[in-house]
Each structure stands twice: as structure tokens, then as C-alpha cells.
Amino acid sequence: MYRIRFHGRGGQGMITASRILGSAFFLEGYEVQDAPRYGAERRGAPIFAYVRADDQPIYERGVIAQPDLVVVADDSLIPVPAAGVLAGVDDHTVLLINSDESIETWKQRLNLCCKVFTLPAQAEERAELRFMGATCTGAAARLLGAVSRDNLARAIRDELAEMADAIVEKNLAMALDAYDRMQQYAGSVTTKTQTGAGDYRKPAWIDLPFEDARISAPDIHASANSTEVRTGLWRTLRPVIDYERCNQCWWVCSTFCPDGAIKVIERTPEIDYDHCKGCMVCVVQCPPHAIEAVPEQTAQLQDAEQGASS
Amino acid sequence: MAEQSVSIYRSMKDLPSTHLLGTGTPMCAGCGGLEALNQLYDIIGEKSVFVNAAGCMTLLSVYPFTPFRGSWLYTAMASAPAGAQGVRDALDILIQKKRMNPDDDMQVVVLTGDGSAYGMGLSATSAAMERELNFLYICYDNEGYGNTGQQFSAATPHGAKTATSTGSAGYPGYKKDLFAIWAAHKPAYVATIVGAEPVDLARKIEKAMSMKGPRMLIALSPCPTGWDFDPKETVAIGKLAVKTGVWPLKEYVDGQVQHTKVPRERRPVEDYLELQGRYRHLFEPEKNVRLISEIQKRVDDYWSNVED
Ligand SMILES: Cc1ncc(C[n+]2csc(CCOP(=O)(O)OP(=O)(O)O)c2C)c(N)n1
Ligand code: SF4
């Protein structure tokens, strides 16, 4: 059985990518399972989806614990523990990462012996991001070696049937291009027999006493403690204020920020990057255009360089 | 005409520059509903109990985190006004029994999506107004069931695409006039607001806070996820909703409806529609002139009945 996990951020098309791959497998005659997993969070937040494909009925359920192939649409997710990108990855797993950094860098950074492939990250324009899913599916299909070019194309047309023709064509082109580029690595993904239910061993359970309702009910007694959640990790673009240009109007960016992540101290706005989700409303609304959108990765690199030189 | 009370919010510079609601919530990047909530929470303040019906906003407080500084309570979709009645009664009893200082009293605020407000929760809301419940009701109207993937609701506008209204004509129904339905109950206050017009919003919340009885607000909430637009356009789309006349800003007090911002030269509705993916089928593969003019005509008809 093939077990494939797709990781991305809401809005990057990973759910669709997994659906397309599932359909392509189905067209090849496989039994298929395909499920998206959303958290309580939305566009920009880490999400994943998974596909199982086998020539026999699939009885396995739930999240894939030991993947054969992990596809990562956004490499900034790898260091985020909550995203679980590396969960269950072992030497047999193949990692396909959408990233501008080299395969060697990733292997070294993650201390991994498994096979790693990269897809050079696409344009940083948000409009292009929606096609990233197609690129990932195309490359994944070839690495699996189990899906033909024709069935990949058919699955894309089926799954995207409701979209405008131009968009379907663009998705097709991106997916087939990625499929062709991975030609020499076709069939790199291997399957692995997993622990069956019969071999299941009970974990060492810890008994937790049943507490009084006052303690065990999920009441929150804190005030505004949502600030503990670092939604800044969602960001792919970072708004950066040019204080030379800011005319200290003081209200526009701060009032319009949907997240309340800009406060103004003595007429000077300050963006809270731990929580800014990168919607870019401030960039569009700032009257003197004093806020610029910088790709988050570029901004992080600059931060790191500045940190190193100081 | 009744004497205009003086607002402390004359211009944007009078609005708060730091915010009360906590950051780090799980709403989508660019959520217009959260933008409105941030603005109004600054004015309502922490002496409040929010009663929140199931929808996107119930994810604001997911154990163990909350952005609220005061209290918050979760209810099923149809039941928030009933929940608010319980909370109001409890507060009143505590005060009456002198177990709570009247100065510590709290605003009871219902917060629901349009699925609840225009649909499932309408009957409970009607009953609460009938009982003259002393509460604030805030509906963030993203014109569909956002939390479950934008299925249509009774607030979905004609022609918009939703998860359950696909095809070249979009949603066949018409957006329910909730403002008129609410106003027909003759509650203390009814108003429409939008986060893209923060001064108008602040004045209305300020006014509502100074009153007692049922005070009802509908906040148009541009939703990048459900309406399919780039999150950075949230405010631009909210402003266009007002400038095209699609979203009239108005209030009902003492039996009178007043428009608080009349767009002098209304922009064509196309300017508003064209920015949103949920209307893309009106422009591609070719322009659906008939449907666009129908939408325009409804807006024109509305404003031709407005005296200024
Ligand atoms: C009685 C009932 N039916 C269905 C649901 C499932 N449900 C949870 S949120 C939601 C959508 C609510 O839509 P809306 O009120 O417009 O709020 P939004 O999600 O747009 O914020 C639904 C159907 C529910 N919680 N209660
Ligand atoms: S789906 Fe829409 S209304 Fe719901 S959180 Fe996202 S942007 Fe806000």
C-alpha cells in the first residue's frame, strides 16, 4: 500500500493536490482513500491531507503514521512542530519539498538518511501560489511511478472541472511539467509493511483520576491568553514599515488590521510579528504607502544576517 | 427630529490606538469579521459576556486559549439569544441579591454568523426582542456558512457562488432584509456597520452602549476564504460595498430609519463584484450583462426609495 502525506498551509492547494493524486490512482485501478485534515484554523495555517492507495481493499484508517512519501508545499512548515511534517519519517520515506534550498542542506539540517527531492519554489506572488498544489501532485505522481501521464491529466480535469478553462490549463501545464522533470526519479518511492492490528501492543497507560467538574471542565480562567499562539508562523509575506515614509497618521494600519496586531505608541505604529498573519491589509491601506510586503523567507534571511553581523 | 447626541468619535484619530482583544486567534488572515470585532471590542470593553453561536467565531476561544478579557460562552447555532437571556437573568439576580455590585454589571453580547442570525436563530432572536431582553446582538455577516465551507445562507446575495450554489447563475435566492425584519420588532436600536468604516462603526456601538433593551447590529464581513479574494483586499471590498450602495449604512432609532453614510455618487456594482471570485462567473468566460444589471437595478431601486 502507498501512504502519502501532503503538508501545506490553508490556501496553498494541498487538499486539492491530494484529491487529484487520489483520483489518478483510482483511474489506474487502485483502491483509494483520500482525506483532508483541517485544524480549527484557516487560510495560512498549517494543514495536511493524506492518500492511501492499494490493489486491495483498504482497512487502515486515520492519519498516516508512517508515510512512504511526504510532500511539503511550504518549507517554512518543517521547523513548526505543530505541523507534524516529519512525523513518522524514516529511512525509507521520500521527502519532496518545495524549496529553493539544496537537497544537501535539507538532509544536513534535518539529519536525515532518506531520499530528499526539491521543487524550486515558485514565484513569490500570491496569485501564483494557487498552482503550487498542481506542481506538487505532478512531481509526486512521477516519484511514485504508479500513475501514468494521461491519468494524471484526466484526474486534474475531473477534479478541477468547475474552474475556468484557463485555470485548469495552467494547473495541467504546471503538473505535467513537474511530472516530466522527475522522469529520472520515477519509482523512487517504496512501500513498507506496517505493523498490523494483531501485533498491536498496549501502551503503558497512565491512569488519570477523574477530577471534579470545577477542575476538569474546559473553562478558561485566563484573560486574552490567545497571545500565546504564534499566528505569525502563518505568514508568507511580511509587512515592513518604512519609518521615514510613515507620516504618523497613527490610525489607519492599526484600525484596519483584522488581527489587532499593530499598536501605536506615541504616534508610531509597531507591527507584532509574533501574531501578524500576513494578510497585507495594512500594505494596501497605508495612505503614504509606507508599508512594503517582503517575502517572509527573504525577511528571515535578512534578520539572520543582521543577527550574525551584530 | 430628535437631538443628535454628541459622539466622542468624530474622526479616525479618536479611535483607540492599542487594542483590547487578544491576538493569536484562529480566524483566517484578512477576516473582515475579526476586523469588525476588534474595533467594537475596544468600545464594548472587558466588562462583557459574549454569547457566541456556533460558527467561525466560536473558534476564537478554543481551550485553553481565549482572546477575550471578559467572559465568553458557547451555544448551538439557534440558541445564542436564549443563552443571553440566561446570563442577563443571572446577572440581574446577583445584583438584586446584593451578591454583585451594580457597578460591576456586564454587557451581555450575542455574537453570531449570518447562518444563525438570518436563519436558524431568527425565531429565538424575535422572542428575545419581544421580551425586550437587555442585550447587544452582533451578527458578522459573511453571507454564508463560513465555518463549514461557505454553503449558502439566507444572507447570501443573488448570483453569488457558494459551495452549494454553483453554475453560471450562482445563488438563485435573494438576501433577506434582516435589518427590516429586526426593525419591525421595534427594538431599542438596529444598525448596519462594516469594519472598513470604523468611525461610523464606533459611533453606532457607542450609541448602542448608551441604551438599554435589544440593540441589534449587522456587520458586513468580507470573507477572503468564502468570497474568494486576496486577503489584502478586505478593507477595499468593505469600502466598495458602501460606495456602490450594496451595503447601506443605516440605523433605526425611535421608529425612524436614518442613513448614516449616503454614497453621493454611487460607483457601479461591477466595481464591487469584480474583485471577488464568488462572482467570477459573471465576468468569465463572457460578461453576464443581464445578471449584473439585475443586481445594479436592485441597488438603484433601494436608493431611489431613500430620501435624503
Ligand atoms: C443546529 C446546528 N446545526 C449545524 C451546526 C454545524 N455548524 C457549525 S458552524 C456552522 C455554520 C454557521 O454559519 P454562520 O452562522 O453563517 O457562521 P459562520 O460560520 O459564517 O461564521 C454549522 C452549520 C451547528 N453547530 N448547530
Ligand atoms: S471563513 Fe471567512 S468569516 Fe470565517 S474566519 Fe475565515 S475569513 Fe473569517
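It should be noted that the structure appears before, not after, this text.
Since this is a predicted model, take the numbers as computed values, not measurements.

Definitions and limits used
- Residues numbered from 1 in each chain as written.
- Chains lettered and ligands numbered in written order.
- Predicted model: local features only at pLDDT ≥ 70, side-chain atom pairs only at ≥ 80, totals over all residues.
- Heavy atoms only, no water.
- Near = heavy atom within 4 Å.
- Nonpolar A, V, L, I, M, F, W, Y, C, P; charged D, E, K, R; others polar.
- Salt bridge = Lys/Arg side-chain N within 4 Å of Asp/Glu carboxyl O.
- Helix = DSSP H or I, 4+ residues; strand = E, 2+ residues; numbered from the N terminus.
- Buried < 20%, exposed > 50% of the residue type's maximum accessible area, 1.4 Å probe, protein only.
- Contact = heavy atoms within 4.5 Å.
- Buried area = accessible area lost by both parts, 1.4 Å probe.
- Axes fitted to C-alpha atoms, helices over the stretch in contact; angles between N-to-C directions.
- Parallel < 35°, antiparallel > 145°, perpendicular 65-115°, else oblique.
- Left-handed = near helix turned anticlockwise from the far one by under 90°.

Sorry, what's going on with the site of ligand 2 here?
Neighbouring ligand 2 are 9 residues; Cys28, Cys31, Cys56, Asn142 and Cys223 of chain B lie closest to it. Around ligand 2, the nearby residues trace back to chains A and B. In the shell around ligand 2, the residues fall into 6 nonpolar, 2 polar and 1 charged.

Would you mind showing me how to read the pattern of salt bridges here?
A side chain with one charge may pair with a side chain of the opposite charge, provided their charged atoms come close. Residue and element names in this part refer to chain B. A complete count under the given rule lists 29 salt bridges over all chains for this structure. Of the charged contacts in the structure, one is a salt bridge between arginine 278 and glutamate 143, with a shortest N-O distance of 2.9 Å. Taken together, the residues span a long stretch of sequence, with arginine 278 in the loop between α9 (269-273) and α10 (289-304) and glutamate 143 in the loop between β4 (135-141) and α5 (178-183) at a distance of 135 residues. Here arginine 278 matches glutamate 143 in class, with each residue buried. Residue glutamate 251 is joined to lysine 207 by a salt bridge in which the shortest nitrogen-to-oxygen separation is 2.8 Å. You can see glutamate 251 sitting in strand β7 (residues 249-253) and its partner lysine 207 sitting in helix α6 (residues 198-209), a full 44 residues away along the chain. The pair formed by glutamate 251 and lysine 207 is uniform in burial state, with each residue classed as buried.

What am I meant to see in the interface of chain B and chain A here?
By a frequent convention, interface size equals the accessible area lost on bringing the separate parts together. Each partner contributes residues to the interface: chain B has 48 residues there, and chain A has 45 residues. Summing both sides of the interface, chain B and chain A together bury roughly 3,900 Å²; the carbon and sulfur share of this comes to 57%. Where chain B touches chain A, the interface holds 0 salt bridges. Looking at the side of chain B that touches chain A residue by residue, the classes come out as 23 nonpolar, 16 polar and 9 charged.

Help me out: how do you make sense of the packing of helix α1 (residues 14-27) of chain A against helix α5 (residues 149-159) of chain A in this one?
Helices that pack against each other are described as a pair by the angle of their axes relative to one another and the distance between those axes. All names here are of chain A. As a packed pair, α1 and α5 sit with axes 8 Å apart at the nearest point and diverge in direction by 125°. As judged from the angle between their axes, α1 and α5 are oblique. Judged by the sense of rotation from one axis to the other, the crossing of α1 with α5 is right-handed. Where α1 abuts α5, its residues Arg19, Ile20, Ser23, Ala24 and Leu27 lie against Asn151, Leu152, Arg154, Ala155, Ile156 and Glu159. A breakdown of the residues in the contact of α1 with α5 according to their chemical character gives 6 nonpolar, 2 polar and 3 charged.

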